[in-house]
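Close look at the chain arrangement
Residues per chain, in single letters:
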Amino acid sequence: MTENSALAMQREALINELRNVDDIGVIQKTQRYLNRALAAVKKAASKTQEEDEEEYISKEELEQRYLRAFTQMYRAKKEGWKLKSAEELLNEL
């Protein structure tokens, strides 16, 4: 049995159960639960898509980040700021 046919069978079974329900309260409650579940799935999918988009950094963005970092290092050295060493940064983590 393929995944699509199993999904179709599950869907039909759920629809048949709903057709047999005579209580409007149960149907309304089921509809609310379904809407919440679909919203949660949609939210999780958009979150995953955002995470995927965040992982990609273009060449231009990377160059800008390096330029800012080198500029900060240069200014710190020129103005006498005390910067943390790589070891100190790792210890903080």
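Residues numbered from 1 in each chain as written. Predicted model: local features only at pLDDT ≥ 70, side-chain atom pairs only at ≥ 80, totals over all residues. Heavy atoms only, no water.

Before going further, it helps to examine the overall build of the chain. Along the chain, the regular secondary structure elements total four helices and zero strands. Helices and strands in the chain line up, N terminus first, as α-α-α-α. Computed over C-alpha atoms, the radius of gyration of the chain comes to 27 Å, more than 25% over the 12 Å expected from 2.2 N^0.38 for 93 residues, which places it beyond the range of a compact globule. Considered along the principal axes of its C-alpha atoms, the chain spans approximately 80 × 30 × 25 Å. Surface accessibility of the chain: about 9,300 Å² in total, with carbon and sulfur atoms responsible for 56%. The centroid of the 16 positive side-chain charges in the chain is displaced by 6 Å from the centroid of its 18 negative side-chain charges. (Helix = DSSP H or I, 4+ residues; strand = E, 2+ residues; numbered from the N terminus. Rg over C-alpha atoms; globule rule 2.2 N^0.38 Å. Areas by Shrake-Rupley, 256 points an atom, 1.4 Å probe, with all protein chains shown as cover. Lys, Arg positive; Asp, Glu negative; His and termini not counted. Charge placed at Lys NZ, Arg CZ, Asp CG, Glu CD.)

For the rest of this paragraph, the subject is a nonpolar patch on the surface. On the surface, a cluster of nonpolar side chains totalling about 720 Å² of accessible area is made up of I57, L62, Y66, F70, M73, W81 and L83. Among the structural elements, W81 can be located in the loop between α3 (59-79) and α4 (86-92). (Patch = residues over 30% accessible without salt bridge, like charges linked within 9 Å, V, L, I, M, F, W, Y side chains within 5 Å. Salt bridge = Lys/Arg side-chain N within 4 Å of Asp/Glu carboxyl O.)

A few words now on the environment of E88. Structurally, E88 can be placed in helix α4. What E88 contacts, discounting residues up to four positions off in sequence, is K82 and L83. (Contact = heavy atoms within 4.5 Å.)

Before going further, it helps to examine α3. An ideal rise of 1.5 Å per residue puts 30 Å on 21 residues; α3 measures up with 30 Å between its terminal C-alpha atoms. A positive phi of about 80° marks G80, the residue just after α3. (Expected span 1.5 Å × (residues − 1).)

Moving on to the packing of aromatic side chains. Applying the stated criterion to the full structure yields one aromatic pair. Ring geometry for Y66 against F70: centres 6.3 Å apart, planes inclined by 20°, an arrangement best described as stacked. With Y66 and F70 both in helix α3, this residue pair falls four residues apart, about one helical turn. Since its relative accessible area comes to 49%, Y66 is described here as partly exposed. (Phe/Tyr/Trp six-rings, centres within 6.5 Å; stacked < 30°, edge-to-face > 60°. Buried < 20%, exposed > 50% of the residue type's maximum accessible area, 1.4 Å probe, protein only.)

All right, on to the pattern of salt bridges then. Per the counting criterion, the structure on display carries one salt bridge. Where R75 meets E79, a salt bridge forms, and the shortest distance between an N and an O atom there is 3.8 Å. In this pair, R75 and E79 are both assigned in helix α3, four residues apart and thus about one turn of the helix distant. Exposure remark for E79: the relative accessible area of 47% places this residue in the partly exposed category.

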